[in-house]
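Structure assessment
Chain by chain, the residues run as shown.
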Amino acid sequence: MLAFLIRRFIYAIIAMWAVSVISFVIINLPAGDFVTTYIATQLATGNLVLEDEAESLRDFYGLNDPVYVQYSKWITRILQGKLGFSFEFNAPVETVLAMNLLNTLLLGAGAIFFIWIVAIPIGIYSAVKQYSPGDYIATFFGYLGLAIPDFLIALVVAYLIFDLTGFLATDLYSAEYRTAPWSFAKAWDLAKHLVLPVIILGTAGTATLIRITRANLLDELKKPYVTTARAKGLTEWQLIMKYPVRYALNPVISLTAYILPFIISGSVILSTVLDLPTIGRDFLRALTAQDIYLSGAVILFSGWLTIIGTFGSDLLLAWVDPRIRLEGD
Amino acid sequence: MVAGSQVGTQTDTPGELADRADDEGEIEVMSQRQLIWRRFKRHRIAMAATVVVGLLYLMVIFADFLATNDPYDSNADRQYTPPQWLRFFDGAKPDLHVCKLVGKRDEFLRKVYEPDCDQIVDVTLFGRGYEYKLLGVTLDRHLFGVDDPVATAEDSLFILGTDVQGRDQYSRLMLAVRLSLLIGLVGIFIALVMGTMLGAVSGFYGGFVDNLIQRSIEIIRSIPTVPLYLGLAAAFPADWSVERRFFAITIVVSLFAWTELARVVRGRYLAMRQEDFVTAAITAGASQRRIIFRHMLPSFYSHITAASSLSLAFMVISETTLSFLGLGLLPPAISLGTLLFSAQNLQTVALAPWLLLPGLVVVILVLALNFMGDGIRDAADPYGS
């Protein structure tokens, strides 16, 4: 068990390092360093940046150093919580991220919760009643959910709702609550606005999870212990819920980490289409404006989040399922 | 391939012929390929999906022939013209035509076009239109269209309406399918080369190399694709030529796809290494090369094909998403994503819902590729029911 833990932990650290290198490369890809971009944006607003000011900025960010020194300075600053400066928002990156962090987390957590409560029962139903009309319908919607790009679901659903009810499903707050301090009424307003984005964001993940729950459970149902349990006279409901479902749900734990990248990807797209105030929307704005420290930080943290998620679900899985735990010893 | 259920004819090996001679020709002998084809044919949805994919790929070649108007021809007067329905009968007489669009001024003095079915515009088959190149030959014939369309909106044919610049959405859709599928094809080629090579190396050498490649794949797969793709795409200068950007975006979308192929190839390779027929080939003294290419590779062609068709679907979605967000292909390139870019905000969609139609094409294409891939995978599994 300990060996397994240590090995997974080392993998996670290496992966986090690799992701940080990739993010660093992406930050440095655009032509010209970011001080040049900064000077250009300042010029556009009518501010002249003096040559020695530019030089001191370059020194501060270590742009005159060799690449590996630049990288180590950058990663050290990141680990100290200093993520750089965002020109687009004219504020430190950590401030910009904190601004919409709550909305982003609520949206993501809501989508994962939605996926669980929708996909698992449907998956179980599809497997138990294989080839029934309900199974076919679920499978069909599963395929459809996979085939429709997230942004298209968002556009079509938002358009239909707008067309039928006149309700514009954008933003997460009504105008009167946007800058208001937190209150019960504001939270309720947010909850109402979250429903639609959560459902749209969850759709693709639901499709994947239904397929996998169904396939796993079908495998389990064929096993002899199910026949034995049935022969002992357990009711069908008790039988299915007590043994095969519990086995079949093990992979669901690891799948939650697996869907995390899709949730992050989806929320970027959805936030753009529906104009939701999340980090995803800020990220796209940063990308179009070449605001590299903000976009780099988002790429880095979304990668790290997934790796930590995978590590966590590995631990959980090892704790739940002794077969995995023993494999490493 | 057509008479797949009959006795194998073209691909008989000497051994099979000998077997049949022993049994007075009563035993049916089928090659691996024929067996797969037979199982695949039973899979109705997969067959239908294959036909759809085939038709869409025909559009890659004949996009210009199928188009009716010059896809770049813009006219601000004809902005957001609604689709004109093709009508096949005039009373009882077969006659291909559309209702003529008549321009009026609305209460804001904007010019709007409305169909007036008392006047018709004749649609001719194989009529003349804009010039294009097909396989190197300059042609001006189109499948259908208004012969010699002049620039007035009254005589024009917009079966899927027009966009914000008054360009014909249908003709643009034809060209968009071409570009999006081309991205998929070029991307799958890159992914196949990288995937099979690294997968085979990984499976063949094992040990440290295998570990390194597998861990790299895990890391790549752990990064959320959209932020990564967007980050890379945003780094390309906006003044790159259309072709250069096309290749850059293709490489970006194949970044993720090759990992899946590498995993499939490695997995099959490792599984196959233990099989009796490989041991038999080794014992018989076949060279390493012959074992890989003659014995092992043919038995996972179908797995590669299945994985490729799923990856292709993923790449089409990726390109569409990138271009939709304004960071993939950029106008004047016409792809499914750039077409959908014009439907980015809800106000436009409410005003001109037909701009969402390219999305339907994406869905059909991706569904068809998924069903085809699943069908091939099921058919290739000899132990499946």
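Just so we're clear, the structure is a prediction, and the values are computed from it rather than from any experiment.

The subject of this paragraph is the overall build of chain A. Helix and strand counts for chain A stand at 16 helices and 2 strands. By principal-axis analysis of the C-alpha atoms, chain A measures approximately 85 × 60 × 35 Å. Across chain A, contacts joining residues at least 24 apart in sequence account for 74% of those joining residues at least 6 apart.

A tally of helices and strands in chain B yields 12 helices and 7 strands. Expressed as a percentage of the 385 residues in chain B, the buried residues total 39%. For chain B, contacts bridging at least 24 residues in sequence account for 66% of all contacts bridging at least 6.

Looking now at the interface of chain B and chain A. With 34 residues of chain B at the contact, the number on the chain A side is 42 residues. Looking at the side of chain B that touches chain A, the elements that each hand over two or more residues are α5 (207-222), α6 (225-235), α9 (288-324), α11 (346-351) and α12 (357-380) of chain B. Looking at which element gives the most residues to the side of chain B that touches chain A, the answer is α6 of chain B, with 9 residues. Partitioned by chemical class, the residues of the side of chain B that touches chain A number 25 nonpolar, 8 polar and 1 charged.

Attention shifts here to the nonpolar core. Core analysis: the largest hydrophobic core is formed by 150 residues, its most contacted members being Ala154 of chain A together with Tyr229, Leu230, Ala233, Leu261, Val366 and Leu369 of chain B. Setting aside chain neighbours within four positions, we find leucine 261 of chain B in contact with Ala191, Leu192, Gly195, Thr196, Gly199, Ile304, Ala307, Ser308 and Ser311 of chain B. By size, the runner-up hydrophobic cluster in this structure holds 6 residues, among which are Ala127, Ile240, Val245 and Ala248 of chain A.

All names here are of chain B. Judged by pairing direction, the sheet is antiparallel, and its 3 strands sit side by side in the order β1-β2-β3 without closing on themselves. Unpaired on one side and paired on the other, β1 (87-90) and β3 (111-122) mark the two borders of the sheet. For this sheet, the mean angle separating the axes of adjacent strands, direction not counted, is 50°.

Moving on: the packing of helix α8 (residues 276-283) of chain B against α9 of chain B. All names here are of chain B. Contact pair α8 / α9: the axes reach a minimum separation of 11 Å and the direction vectors enclose 150°. Both α8 and α9 take part in a crossing whose hand is right-handed. In this structure, α8 uses Phe277, Val278, Ala281 and Ile282 to contact α9, whose residues at the interface are Ile291, His295 and Met296. Here the residues of the contact of α8 with α9 are counted per class, giving 6 nonpolar, 1 polar and no charged.

Next up on the list: the confidence of the model for chain B. Residues and elements named next belong to chain B. In this model, chain B carries an average pLDDT of 79, and 89% of its residues clear a pLDDT of 70 or more. Here helix α1 (residues 14-22) stands out as the element of chain B with the lowest mean pLDDT, 51, in contrast to helix α10 (residues 336-341), whose mean of 89 is the highest. Contacts of residues 1-10 to residues separated by more than four positions or lying in other chains number 13 contacts, the stretch itself having pLDDT below 50. If you check the scores for this complex, the pTM reads 0.80 and the ipTM reads 0.79.

This brings us to the environment of isoleucine 253 of chain A. All names here are of chain A. As for its position among the elements, isoleucine 253 is in helix α13 (residues 250-274). Take isoleucine 253: there are 18 C-beta atoms within 10 Å of it, and that puts it in the partly exposed class. Sequence spacing of isoleucine 253 and alanine 207 is 46 residues, and the spatial spacing of their C-alpha atoms is 16 Å. In this view, isoleucine 253 contacts Ser313, Leu316, Leu317 and Val320; residues no more than four positions away in its chain are not counted.

Residue and element names in this part refer to chain A. Looking at the secondary structure, you find isoleucine 292 in helix α15 (residues 292-320). Residue class for isoleucine 292 comes out buried when judged on the 24 C-beta atoms lying within 10 Å of it. For isoleucine 292 and alanine 109, which are 183 residues apart along the polypeptide, the C-alpha to C-alpha distance reads 27 Å.

Once that is clear, we can look at helix α4 (residues 169-205) of chain B. The first and last C-alpha atoms of α4 of chain B sit 52 Å apart over 37 residues, in line with the 54 Å expected at 1.5 Å per residue. Two residues or fewer past α4 of chain B, glycine 206 of chain B is found with a positive phi of approximately 65°.

Quick look at the confidence of the model for chain A now. For chain A, the average pLDDT comes to 81, and 94% of its residues sit at 70 or higher. Taking the mean pLDDT of every element in chain A, the minimum, 63, falls on helix α16 (residues 322-327) of chain A and the maximum, 89, on helix α6 (residues 101-128) of chain A.

What follows covers α5 of chain B. Its 16 residues place the ends of α5 of chain B 22 Å apart at the C-alpha level, agreeing with the 22 Å of an ideal helix rising 1.5 Å per residue. Listed as buried for α5 of chain B are Ile213, Ile217, Ile219 and Ser222 of chain B.

Remember that side chains alternate between the two faces of the sheet whenever the strand is regular. All names here are of chain B. By the bridge criterion, 4 bridges tie strand β5 (residues 128-134) to strand β6 (residues 137-141) in an arrangement that is antiparallel. Across the sheet, the residue bridging to arginine 128 is arginine 141, located in β6. The turn linking β5 back onto β6 is made up of 2 residues, and leucine 135 within it adopts a positive phi angle of 50°.

What follows concerns unusual backbone geometry. Excluding glycine, residues mostly have negative phi values, and the peptide bonds linking residues are mostly trans. That bond from proline 331 of chain B to proline 332 of chain B is cis: its omega, 10°, falls within 30 degrees of zero. Looking at where proline 332 of chain B falls in the secondary structure, it is placed in the loop between α9 and α10. You will see that asparagine 90 of chain A, though not glycine, has its phi angle at about 55°, which is positive. Within the chain, aspartate 275 of chain A stands out as a residue other than glycine whose phi angle is a positive 55°. Within the secondary structure, aspartate 275 of chain A is located in the loop between α13 and α14 (279-288).

Another aspect to go through is the packing of α14 of chain A against α15 of chain A. Residues and elements named next belong to chain A. Where α14 meets α15, the axes come as close as 8 Å, and the angle between the chain directions of the two elements is 135°. The angle between the axes of α14 and α15 places the two elements in the oblique class. Crossing of α14 against α15: the hand is left-handed. Here α14 contributes Ile279, Asp282, Phe283, Ala286 and Leu287 to the contact with α15, which in turn contributes Leu294, Ser295 and Val298.

Cut-offs and rules
Residues numbered from 1 in each chain as written. Chains lettered and ligands numbered in written order. Predicted model: local features only at pLDDT ≥ 70, side-chain atom pairs only at ≥ 80, totals over all residues. Helix = DSSP H or I, 4+ residues; strand = E, 2+ residues; numbered from the N terminus. Contact = placed C-beta atoms within 7 Å. Buried ≥ 20, exposed ≤ 12 C-beta atoms within 10 Å, placed from the backbone. Nonpolar A, V, L, I, M, F, W, Y, C, P; charged D, E, K, R; others polar. Core = buried A, V, L, I, M, F, W, Y, C linked by C-beta atoms within 7 Å. Pairing = 2+ DSSP bridges. Axes fitted to C-alpha atoms, helices over the stretch in contact; angles between N-to-C directions. Left-handed = near helix turned anticlockwise from the far one by under 90°. pLDDT = per-residue confidence, 0-100. Expected span 1.5 Å × (residues − 1). Parallel < 35°, antiparallel > 145°, perpendicular 65-115°, else oblique.

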